[in-house]
Amino acid sequence: MAPPMHPAAATFLEDGPNDYYVESSTYYGDDRYTRSRTYSNAYLHGYNPKRRPQFGKDDIPRVRRLSHDEKSSAGPRRFLIDVDETIRLVLEQEDTDGDFQISITDSGPKVMSLGTATSNGFKSFDIRGTYMLSNLLQELALARDHGRKRIVLDEARLTENPVSRLSRMIRSSFWNSLTRRIDGDGLEIICADPKNRTGKNIPRIYVPYGEPKMFDYYRRVAAEKPHLRLDVQMLPENCDDPMFVKSLNNKPGLLALAMEEIDDGKGGRTLKGIPFIVPGARFNELYNWDSYFISLGLLVDGYVEMAKGMVEHFIFEIKHYGKILNGSRSYYLCRTQPPFLTDMALQIYNQLDRGKLQENRAWLKGAIQAAIKEYHTIWMAEPRIDPKTGLSRYRPDGLGIPPETEATHFTHILQPYADKHGLSVLEFSEKYNAGTLKEPGLDEYFLHDRAVRESGHDTTYRFEKRCANLATIDLNSLLYKYEVDIATAIQDVFDDALELDERFALSPFPPSPESFANPSREFSTSRVQTSEEWFRRAELRKERIDKYLWNESKNLYFDYDTVKENQILYESVTAFWALWAGCASEEQSWKLVEHSLKKFEVLGGLVPGTEESRGKISLDRPNRQWDYPPPHQIMAWVGLERYGYLEDAQRLAYRFLYMMTTAFVDFNGVVPEKFDAVKLSHLVDAEYGNQGIDFKFIPREGFGWMNSAYQVGLSFLTSHMRRAVAACTSPEVFFRAGTVMGEFSGPVASTADPLGMAMQALTLQEPS
């Protein structure tokens with residue numbers, strides 16, 4: 001008997017169920033063999049995928065399948081592929097713009113022949129179209145990642161349902177690629193800061209006051225890993241003092257986060273960083289409201305412990321840095337972001353192991369205590385509280401020019417001041433930051449600019465030059481939700497009596513100019529917290545929201561200028577956050593949906609503001625990047641469902657997921673930071689560009705909250721809607737047909753042509 005042509009323990013593809021969609025580490029990482037045939041010697045030493053026929057130097061287009069194509073067989077089709085050679089050929093033939101991606105804007109023939117496994121590579125089958133070819137390139141890149149030179153590839157991986165493929169990639173690949181830890185094993189990756197433009201790329205970590213064990217740990221890591229060149233610094237107790245924070249601008253660094261004690265394997269104890277998810281691309285640190293949306297996706301995908309760890313980081317930040325930070329870098333020490341901690345913690349709590357009741361209650365108590373501290377010392381304290389209205393504002397402390405922005409971001413603002421003093425912009429910036437030049441007008445500008453960044457909506461015409469004065473509907477909806485969540489947790493989980501462990505000043509209630517003028521304050525440890533107090537706080541905030549932010553004649557919530565004491569009639573889709581928070585009445589919700597939703601609904605979902613409010617875009621008035629935000633989608637879906645408008649939520653989710661899926665299909669699997677929901681394009685021209693699109697061969701991360709928007713959005717769709725999205729059925733076609741919810745009466749644009757829209761969005765450059 002001839003010896004076997006494979007290892008004794010080989011796993012055959014025919015053995016067991018045909019799971020073509022296992023993860024790449026399993027699919028390409030194991031020794032997998034096919035029973036069909038073995039590789040021939042000719043294949044092993046020079047097999048070349050079938051190329052298009054050539055005559056001289058001219059390619060002959062293949063307009064139909066030729067006689068060499070293998071006839072379909074009963075079993076699934078597989079291909080024998082030389083990995084490196086096929087990558088070379090795909091890029092040479094199909095990647096006509098040289099970006100190492102295959103997209104609908106490439107002008108290649110969009111067809112390639114691959115040798116079939118059943119014929120030992122002597123017969124071939126055509127792979128056709130952008131989606132299959134881009135999937136082929138992605139699969140080859142994954143095979144090469146795992147050291148494979150030659151593979152047997154199932155056709156099913158090239159034709160995989162795009163909704164299933166994208167959801168699978170998010171769940172099993174993207175989250176892992178976006179995971180970071182701040183400890184000896186993770187510092188090299190997390191210390192990298194693409195926003196650092198000081199020219200001094202020295203890895204630096206700042207440890208908060210009162211954490212000597214953590215400080216010693218990082219000093220030890222620095223000594224044991226000198227190649228890191230890690231600079232370890234201890235922060236002072238009042239680390240968010242604006243003058244001190246400004247002094248760190250020229251030596252930016254990472255801020256230490258929560259750690260856990262573990263056995264070191266040598267009979268002692270050591271520290272280990274708790275993992276978390278970063279947004280991706282240039283945002284390589286823990287962010288505040290990004291983390292909330294990310295956690296929603298993590299919970300859908302079953303990563304409860306990861307989401308729980310992110311809450312523990314927020315508890316740590318409130319304890320040591322005084323607030324949940326905008327981001328975990330030194331230049332963010334004065335700023336927070338929209339508050340979502342209570343909803344985040346309660347959603348996670350509801351998914352914890354029910355067998356660990358006491359442990360879970362202790363964990364939730366830590367989160368609720370931290371939220372209460374943040375509520376009183378940040379959102380209900382000056383300067384963010386407006387005592388007259390009792391509503392809160394984005395109004396952070398800070399001095400000078402935000403250092404995390406791109407070098408030329410403020411040039412158009414600074415240039416007139418530089419000219420006034422006869423200086424270059426760089427010289428003026430240095431003197432202004434140092435305080436040697438005083439410009440009150442510029443101080444006012446940066447007060448509002450910092451507020452815009454704290455709002456998370458950086459930047460938008462809605463907030464320009466006035467954000468710090470605005471009691472916004474989004475922030476006050478979130479704080480109403482805080483108040484209700486805290487009341488509910490105290491009532492349902494803590495037997496209506498929560499004793500706080502940390503001492504801090506409580507904000508006066510009810511808020512008024514007189515109560516805030518009185519320096520006397522009650523402290524958190526003086527009495528237990530009850531649900532009754534927090535429900536009263538929520539009731540009062542709802543009254544103030546209705547008084548100052550609701551506009552009965554326009555059927556919409558608006559921001560309120562606390563300085564000019566008038567509503568700002570800028571139409572913003574964040575009005576629907578009131579539905580998410582539950583602070584709208586049934587009548588208000590009906591008016592929002594019946595009269596106002598159509599103002600924001602476009603082909604790809606919701607836009608943040610109406611064109612009438614935003615104004616026309618021109619060379620002198622360029623795009624602001626928050627013209628195309630994803631989080632508004634999730635908040636609206638959840639809010640509409642909460643008030644019983646499920647069909648509207650499903651329609652909006654369908655629109656957004658259609659936009660994401662067509663980009664994924666047509667542009668090599670891209671999952672970007674933002675979209676133009678009107679043009680259905682990720683090729684947006686806005687400040688900072690677009691993140692998550694600059695990759696080679698295969699997307700590795702997507703983008704944090706976009707990943708979540710997709711996973712959460714799928715939970716709103718029926719199976720029929722999901723199939724239609726997978727087939728890239730335009731919302732116009734889908735809803736006009738009345739296949740799900742009857743006739744759709746919302747705004748309808750012209751029929752979408754993905755290729756036409758993509759080509760229109762491209763910026764064509766003349767060859768140099």
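My aim in this report is to walk through the structure given alongside it, one point at a time. Just so it is clear, the model here is predicted, and its values are computed rather than measured.

### Let's talk about the overall build of the protein chain
Summing up its helical and strand segments, the protein chain has 27 helices and 24 strands in all. Here the protein chain holds 768 residues, and the buried ones make up 59% of them. Put simply, of all contacts in the protein chain between residues at least 6 apart along the chain, 72% involve residues at least 24 apart. Here the protein chain displays about 32,400 Å² of accessible surface, and carbon together with sulfur accounts for 50% of that area.

### Regarding helix α7 (residues 212–224)
In this model α7 runs 18 Å from its N-terminal to its C-terminal C-alpha over 13 residues, within 8% of the 18 Å that 1.5 Å per residue would give. Taken as a whole, α7 has its buried residues at Met214, Phe215, Tyr217, Tyr218, Val221 and Ala222. On an axial view of α7, the arc spanned by its buried residues comes to 160°, and they lie on one face. When the buried face of α7 is taken as reference, the exposed residues oriented beyond 90 degrees from it are Lys213, Ala223 and Glu224.

### Observations regarding the environment of Arg269
Tracing the backbone through its elements, the reader meets Arg269 in strand β14 (residues 269–273). Look at Arg269 and you get partly exposed, because its relative accessible area is 48%. Once you skip the residues sitting within four places of it in the chain, Arg269 turns out to touch Glu261, Ile262, Asp263 and Asp264. Separated by 2.6 Å, the side chains of Arg269 and Asp263 make a polar contact.

### Side note on the pairing of strand β6 (residues 111–115)
Look at any regular strand and the pattern is simple: side chains alternate between the two faces of the sheet. Counted residue by residue, β6 has five buried out of five residues, so it is predominantly covered. Judged by which residues are buried, β6 turns out to be covered on both faces: Val111, Ser113 and Gly115 on one side and Met112 and Leu114 on the other are all buried. One ladder, built from five bridges, connects β6 with strand β7 (residues 124–128); its direction is antiparallel. Paired with Met112 across the two strands is Ile127, which belongs to β7.

### Digging into the pattern of salt bridges
The full count for this structure, using the stated rule, is 52 salt bridges. Close ionic contact of Arg181 with Asp185 constitutes a salt bridge, the shortest N to O distance being 3.5 Å. A relative accessible area of 65% means that Asp185 is categorised as exposed. Here Glu533 ties to Arg537 by a salt bridge, and the two come within 3.3 Å at their closest N and O atoms.

### A closer look at the sheet that holds strand β22 (residues 566–568)
Here three strands make up an open sheet; going across it, the order is β18-β21-β22 and the pairing antiparallel. The open sheet is flanked by β18 (470–471) and β22, the only strands paired with a single partner. Bridge analysis of β18 against strand β21 (residues 559–561) gives two bridges, and the strand direction is antiparallel. Paired with Leu470 across the two strands is Asp561, which belongs to β21.

### Details of the nonpolar core
Leu187, Tyr218 and Tyr557 are the most contacted members of the largest nonpolar core, which totals 214 residues. It is helix α23 (residues 646–666) that provides the largest number of residues to this core, a total of twelve residues.

### Focus on the sheet that holds strand β12 (residues 254–255)
If you trace the three strands from one edge of the open sheet to the other, you get β11-β10-β12, paired in parallel fashion. Strands at the two margins of the open sheet, each flanked by one partner only, are β11 (231–234) and β12. Two strands pair when backbone bridges link them, and strand β10 (residues 204–207) and β12 are joined in this way by two bridges, in the parallel orientation. When the bridges of β12 are listed, Ile205 appears paired with Leu254. Contacts between α7 and the sheet are confined to β10 and β11, with β11 contributing the most and set at about 165° to the helix.

### Remarks on the packing of helix α4 (residues 129–145) against helix α5 (residues 162–177)
Two numbers describe how α4 lies on α5: the axes approach to 13 Å, and their chain directions differ by 25°. Relative to α5, the element α4 lies roughly parallel. The crossing of α4 and α5 is left-handed. Here Tyr131, Asn135, Gln138 and Glu139 of α4 come into contact with α5, specifically with Pro162, Arg165 and Met169. Here the contact of α4 with α5 is composed, by residue class, of three nonpolar, two polar and two charged.

### A few points about the packing of helix α12 (residues 357–379) against helix α18 (residues 531–548)
Closest axis-to-axis distance for the α12/α18 pair is 14 Å, and the angle between their directions is 45°. Regarding the angle of α12 to α18, the classification is oblique. In the packing of α12 onto α18, the handedness of the crossing is left-handed. Within the contact between the two elements, α12 uses Ile372, Tyr375 and His376 and α18 uses Trp534, Arg537 and Arg541. Residues of the contact of α12 with α18, tallied by class, amount to three nonpolar, one polar and two charged.

### Quick look at the side chain of Arg541
Take Arg541: it is sitting in helix α18. Those residues in contact with Arg541 that lie beyond four places of it in its chain are Tyr375, Met380, Gly390, Leu391, Ser392, Asn476, Leu479, Tyr480 and Glu483.

### Topic: the packing of aromatic side chains
One pass over the full model with this rule turns up 36 aromatic pairs. Their ring planes at 70° and their centres at 5.3 Å tell us that Tyr292 and Phe293 sit as a pair that is edge-to-face. Pair check on accessibility: Tyr292 and Phe293 agree, each one buried. For the pair Phe293 and Trp705, a centre-to-centre distance of 6.1 Å together with 80° between the ring planes defines the contact as edge-to-face.

### Considerations on the environment of Glu502
Here Glu502 shows up in the loop between α16 (473–492) and α17 (513–517). Classification of Glu502 by relative accessible area gives partly exposed; the value is 35%. Considering only alpha carbons, one finds Glu502 and Gln369, 133 residues apart in sequence, at a separation of 8.2 Å. With residues up to four places along the chain from it excluded, the contact list for Glu502 reads Lys373, Ser524 and Thr525. Among the polar contacts made by the side chain of Glu502, one reaches the side chain of Lys373 at a distance of 2.6 Å.

How each quantity is defined
Residues numbered from 1 in each chain as written. Predicted model: local features only at pLDDT ≥ 70, side-chain atom pairs only at ≥ 80, totals over all residues. Heavy atoms only, no water. Helix = DSSP H or I, 4+ residues; strand = E, 2+ residues; numbered from the N terminus. Buried < 20%, exposed > 50% of the residue type's maximum accessible area, 1.4 Å probe, protein only. Contact = heavy atoms within 4.5 Å. Areas by Shrake-Rupley, 256 points an atom, 1.4 Å probe, with all protein chains shown as cover. Expected span 1.5 Å × (residues − 1). Arc of directions from axis to C-beta. Polar contact = N/O pair within 3.5 Å; in protein donor to acceptor, adjacent residues only side chain to side chain. Pairing = 2+ DSSP bridges. Salt bridge = Lys/Arg side-chain N within 4 Å of Asp/Glu carboxyl O. Core = buried A, V, L, I, M, F, W, Y, C linked by side-chain atoms within 4.5 Å. Axes fitted to C-alpha atoms, helices over the stretch in contact; angles between N-to-C directions. Parallel < 35°, antiparallel > 145°, perpendicular 65-115°, else oblique. Left-handed = near helix turned anticlockwise from the far one by under 90°. Nonpolar A, V, L, I, M, F, W, Y, C, P; charged D, E, K, R; others polar. Phe/Tyr/Trp six-rings, centres within 6.5 Å; stacked < 30°, edge-to-face > 60°.

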